[in-house]
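# Fold and contact review
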Amino acid sequence: MHLKQMGRRWANSLPLPGVVRDVWRFRAFILGSVRRDIEAQFRGSLLGAAWLFIQPLAMILVYTLIFSNVMGSRLAGVSSMYGYSVYLCAGLLTWNFFSESLGRLQGVFVNNSNLLKKAAFPRICLPLIALGGATFNFLVIFGLFFLFLFSSGNFPGWAVVGILPALAVQLLLTLGLGMLTATMNVFFRDVGQLVNMGLLFLFWLTPIVYPVTVLPEWARAWIWINPLAVLTHHYQHIFLHGSLPDRPAWLALGAVTLVAMALTLLGWRVYKVRAPEMADEL
Amino acid sequence: MSHIDSALAKGSIDLFNLGKAYRRYPTRWARLREWIQPGKVRHELQWVLRAMNLHVPPGQAVGVIGRNGAGKSTLLKMMTGTSTPTEGSARLHGRVAALLELGMGFHPDFTGRQNAWMAAQLLGLAGHEIEQAMPGIEAFAEIGHYMDEPVRTYSSGMQVRLAFSVATAVRPDVLIVDEALAVGDVYFQHKCFSRIRDFRQEGMTLMFVSHDPGAIKSLCDRAVLLDGGRIVADDVPDQVLDLYNALVAERENRGFEASPAPVGQRHVGVRSGDGRASLLEVNLHNALGPARVFQVGDPLFLRIRLCKNAELTDLTAGFLIRDRLGNDVFGTNTWHVRAEGLADVWPGTTAELYWQIPELNLGPGSYTISVALHGDMTHVENSYDWWDKAALFEVVRGAEPLFEGVCRLQNVSASVTHVTLKGEKVTA
């Protein structure tokens, strides 16, 4: 009886289909806001949209110099002179997508308090706008990465479609974590600080700038409990080897999918339950 | 039946047992503990508004008045949907546009035009509608080149100009305005009011919060007085504003009683005051005797019987004539006209005061006279007895030439020069 009730309560808090209708009704506002956000990024700067490239390029340059040349780390089984750069980009660009999205999402209600207090609209628009802006930035830089792969003869070929399921899972994971932290952040501002700190730890716990092989034997098995490590490995494998990952990697991705779904459900539920109080706290 | 019809009609507002409470936690940690252990309640509810029922038919304009903290803003926030009711519901039918406090949630870094687009999209307007409305928005706001500057460079008045222009670019079914227009300059306020009046003629419902009684009287045909999170009066604006004035005076003047007039006897208005002097009787006379109807230009005598109940060094008696809409028409007091004698009245005795208006040059219509006994020039400070709408009278046409309005200006004439009369030959 009790379980049944709980089940029904969970079902009622599921996002469909009301939220789909809301999003569709406000699509013009969402798309318009994403565009305005993108424009606003570069307003008042001399170099404008060039900053979109300069920042990650500088990051890639620094890591390539330090890890590839100075520390002389080599990737086992990869002979290409661009091997490390490709490995790095595959992990770093997707990581940046994750961290930028989450960074935007966690503050999405707090930073838009003015709008939330003055206008009535489906609140779900705000996380989508934040995610939209981050996705745009990612697509631009990822497009540049593809150009680099083509021109240097490292394009992985048809296997590249293998990143799509991983990207979808990553988006779901980001959205779930984002909704959870964005809602909690309204009531406990500590969450915003914690997210930034957590991202820093997570970055170094994920084999992005270093290969898994530099880790001691015992740590290599544990690293895969980090969903980001699974996702990153997926990207790195495809771009570095030009082939789809092996069966265990896909199974791991399946497990991450379940985690992402659970997080999204939790994030949605917390948001749904706390949304009525939110405007009072802002 | 008619109630059901109007409840479904576009532009109607229905509040059912509406209430709002904020959760108070002893500490921030208590909230976290409650989240983790949902079974145990660790907060207490602080009610700011409760048990509010209101039905507004389409096309009505309701003014909301009340002291600070009476719950006006909370009420409007729940009506617009930015705040969620703790109990009950607020149902608004049709397209709702709201101006809450400053602006419409403008983003400071975006230009006025971008913000206008955003706000219009949030109002539910489609792209082509916004495209169409934009020139009108720009023209009405009259902020010139600022339209393409970031909103952070705007003055508060400019923000309101833009916000109002967007909110009313396309006539909403319900317009909610929370004190926002008070920020704008008088010129723009007038512009806003005339647009609101135009929309009202087309059937728009208005919910209007203001501290300006004049604005409420001129825009609204109904007023609601909130106090302590409840509706304490709901009547024509004139009546409710009198009660509101009494409430405001109450804070200044302890030991004061205010009660609304019995329904159906509007001429018996609100009485308030501390009673150190009291009004016993207020009568209107013409040259022949007691009267209620006067012709334009007739003499009017206002006879006031009063009683001094305590030793008072200052006693002033005043009266105020208001028109049907509650607009102040004329008022004065014994201090202004330098009438001596009231101060010399012996405590415990009654006295009679005769006001003489030799020519009642008011336009046709009904008027009320409010009478007050007070200390200084300002009756709020030391109000002994204040009787709103102590008497009612009617002005009808006399022998004078027809004129419009409430005031008959004296010696108005016209002369014509430099014309050629019809049929007359122009000679060189």
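A brief report on the enclosed structure follows. (Residues numbered from 1 in each chain as written. Chains lettered and ligands numbered in written order. Predicted model: local features only at pLDDT ≥ 70, side-chain atom pairs only at ≥ 80, totals over all residues.)

## Side note on the pairing of strand S6 (residues 174–178) of chain B
All names here are of chain B. Heads up, the rule is: Here the C-beta atoms are placed from the backbone, and a residue counts as buried if at least 20 other C-beta atoms lie within 10 Å of its own, exposed if 12 or fewer do, and partly exposed otherwise. Numbering of helices and strands starts at the N terminus; helices are DSSP runs of H or I of at least 4 residues and strands are runs of E of at least 2. Here, any two strands with at least 2 DSSP bridges between them count as paired.
Here S6 lies mainly inside the structure; five of its five residues are buried. Here S6 shows two buried faces, one formed by Val174, Ile176 and Asp178 and the other by Leu175 and Val177. One ladder, built from five bridges, connects S6 with strand S7 (residues 205–209); its direction is parallel. Along S7, the bridge assignment pairs valine 174 with threonine 205.

## Topic: the environment of Ala291(B)
Residue and element names in this part refer to chain B. Operational definition: What counts as a contact here is a pair of residues whose C-beta atoms, placed from the backbone, lie within 7 Å.
Along the chain, alanine 291 falls in the loop between strand S11 (277–285) and strand S12 (293–295). Placed 103 residues apart in sequence, alanine 291 and glutamate 394 show a C-alpha to C-alpha distance of 9.5 Å. Residues in contact with alanine 291, not counting those within four places in the same chain, are Leu284, His285 and Asn286.

## Side note on the interface of chain B and chain A
We count it as follows: In this count, Pro and Cys sit with the nonpolar residues alongside Ala, Val, Leu, Ile, Met, Phe, Trp and Tyr, while Asp, Glu, Lys and Arg are called charged and the others, Gly among them, polar.
With 22 residues of chain B at the interface, the matching set in chain A holds 20 residues. Taken together, the residues of the side of chain B that touches chain A break down into eight nonpolar, ten polar and four charged.

## As for the environment of Phe208(B)
Residue and element names in this part refer to chain B. For phenylalanine 208, the position within the fold is in strand S7. For the pair phenylalanine 208 and valine 62, spaced 146 residues apart in sequence, the C-alpha separation works out to 6.2 Å. Non-local contacts of phenylalanine 208, meaning those with residues more than four positions away in its chain, are made with Ala61, Val62, Gly63, Val64, Val177, Ile216, Leu219 and Cys220.

## Here we look at the sheet that holds strand S3 (residues 61–66) of chain B
Residue and element names in this part refer to chain B. What counts, and what does not: Helix axes are fitted only over the stretch in contact, all axes being lines through C-alpha atoms; the angle between N-to-C directions runs from 0 to 180 degrees.
An order of S5-S6-S7-S3-S8-S9 is seen for the six strands of this open sheet, with the pairing classed as mixed. Of all strands in the sheet, those with a lone pairing partner are strand S5 (96–100) and strand S9 (230–235), marking the two edges. Across this sheet, the average inter-strand angle for adjacent strands is 15 degrees, counted without regard to direction. As paired elements, S5 and S6 share five bridges and run parallel to each other. Along S6, the bridge assignment pairs leucine 99 with valine 177.

Everything listed here is a matter of coordinates, which is why it stays silent on function.
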